[in-house]
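Reading the structure
If you want the building blocks of each chain, they are given just below.
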Amino acid sequence: MHDVNASRAANTFVPLTAAALLVNPVGLHARPSVKLTQLAKGFAAKIELALAADGPWTDAKSPVKVMRMKAPQGAMVYFRVKGPDGEAALAAMLALVHDGFGEV
């Protein structure tokens with residue numbers, strides 16, 4: 001019964017959205033993709049990203065799926081986050097992108 005209540009509680013979180021411009025020279029190549037997914041895995045929230053505001057959405061916790069996006073420098077990356085630590089997760093994702101993944 002506890003799992004059912006936990007599932008209901010998770011569904012009460014409102015999705016948070018934001019966007020950030022990729023400023024690092026080569027966009028979401030292997031190294032930035034791994035940094036992003038490692039950061040995302042540190043949060044309980046469901047974190048997704050897309051190259052358009054209406055999707056299609058990609059699981060930010062999957063390095064292979066994130067690399068498949070092939071987002072170039074100058075692309076806008078949209079985030080959609082839902083969960084108990086959603087605000088912190090979204091802030092961390094945006095900070096990573098704004099910082100150029102430590103490459104700029």
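The following paragraphs examine the structure supplied in this document. Predicted model, so just to flag it, every value in this text is computed and none were measured. (Residues numbered from 1 in each chain as written. Predicted model: local features only at pLDDT ≥ 70, side-chain atom pairs only at ≥ 80, totals over all residues. Heavy atoms only, no water.)

Quick notes on a nonpolar patch on the surface
There is a patch of nonpolar side chains on the surface, built from Leu-21, Val-23, Met-76 and Val-104 and spanning about 330 Å² of accessible area. Under the relative-accessibility criterion, Val-104 is labelled exposed at 68%. (Patch = residues over 30% accessible without salt bridge, like charges linked within 9 Å, V, L, I, M, F, W, Y side chains within 5 Å. Areas by Shrake-Rupley, 256 points an atom, 1.4 Å probe, with all protein chains shown as cover. Salt bridge = Lys/Arg side-chain N within 4 Å of Asp/Glu carboxyl O. Buried < 20%, exposed > 50% of the residue type's maximum accessible area, 1.4 Å probe, protein only.)

Considerations on the packing of helix α2 (residues 30-41) against helix α4 (residues 86-98)
Interaxial distance between α2 and α4 falls to 10 Å at its minimum, and their mutual angle equals 165°. When the axes of α2 and α4 are compared, the pair comes out roughly antiparallel. The way α2 lies across α4 gives a crossing that is right-handed. Along the contact surface, α2 presents Lys-35, Leu-36, Leu-39 and Ala-40, while α4 presents Ala-92, Met-93 and Leu-96. Grouping the amino acids of the contact of α2 with α4 by side-chain chemistry returns six nonpolar, no polar and one charged. (Axes fitted to C-alpha atoms, helices over the stretch in contact; angles between N-to-C directions. Helix = DSSP H or I, 4+ residues; strand = E, 2+ residues; numbered from the N terminus. Parallel < 35°, antiparallel > 145°, perpendicular 65-115°, else oblique. Left-handed = near helix turned anticlockwise from the far one by under 90°. Contact = heavy atoms within 4.5 Å. Nonpolar A, V, L, I, M, F, W, Y, C, P; charged D, E, K, R; others polar.)

With respect to the sheet that holds strand β3 (residues 58-59)
Ordered by their spatial adjacency, four strands build an open sheet running β1-β4-β2-β3, and the pairing between neighbours is antiparallel. Both edges of this open sheet fall to β1 (16-21) and β3, since each of them pairs with a single strand only. Of the strand pairs in this sheet, strand β2 (residues 46-50) and strand β4 (residues 76-82) are connected by five bridges, and their pairing is antiparallel. If you follow Glu-48 over to β4, its bridge partner there is Arg-80. (Pairing = 2+ DSSP bridges.)

Section: the pattern of salt bridges
Scanning all chains against the criterion turns up three salt bridges. In this structure, Arg-31 and Glu-103 form a salt bridge, with 3.2 Å as the shortest nitrogen-oxygen distance. Note that Arg-31 is positioned in helix α2 and Glu-103 in the segment after α4, a separation of 72 residues in sequence. A salt bridge links Arg-80 to Glu-48; the nearest nitrogen and oxygen atoms lie 2.8 Å apart.

A word on the nonpolar core
Ranked by size, the top nonpolar core spans 25 residues in total, and within it Leu-22, Leu-28, Leu-36, Ile-47, Leu-49, Phe-79 and Phe-101 carry the most contacts. Setting aside residues up to four positions removed in sequence, Phe-101 forms contacts with Leu-22, Asn-24, Leu-28, Pro-32, Lys-35, Leu-36 and Leu-96. (Core = buried A, V, L, I, M, F, W, Y, C linked by side-chain atoms within 4.5 Å.)

Some words on α4
Residues separated by three or four positions in an α-helix point in the same direction, a consequence of the helix having 3.6 residues per turn. Taking 1.5 Å of rise per residue, 13 residues should cover 18 Å, and α4 covers 18 Å from first to last C-alpha, within 8% of that figure. Where α4 is buried, its residues touch β1, α2, β2 and β4. Following α4 by one or two positions, Gly-100 adopts a phi angle in the positive range, close to 70°. (Expected span 1.5 Å × (residues − 1).)

What to know about α2
With 12 residues, α2 ought to run about 16 Å at 1.5 Å a step, and its terminal C-alpha atoms sit 16 Å apart, in line with that. Among the residues making up α2, those that are buried are Pro-32, Ser-33, Leu-36, Thr-37 and Ala-40. Along the long axis of α2, the arc covered by the buried residues comes to 130°, so they all point the same way. Turned more than 90 degrees from where α2 packs its buried face, Arg-31, Gln-38 and Lys-41 sit exposed. Buried residues along α2 sit against β2, α3 (63-68), β4 and α4. (Arc of directions from axis to C-beta.)

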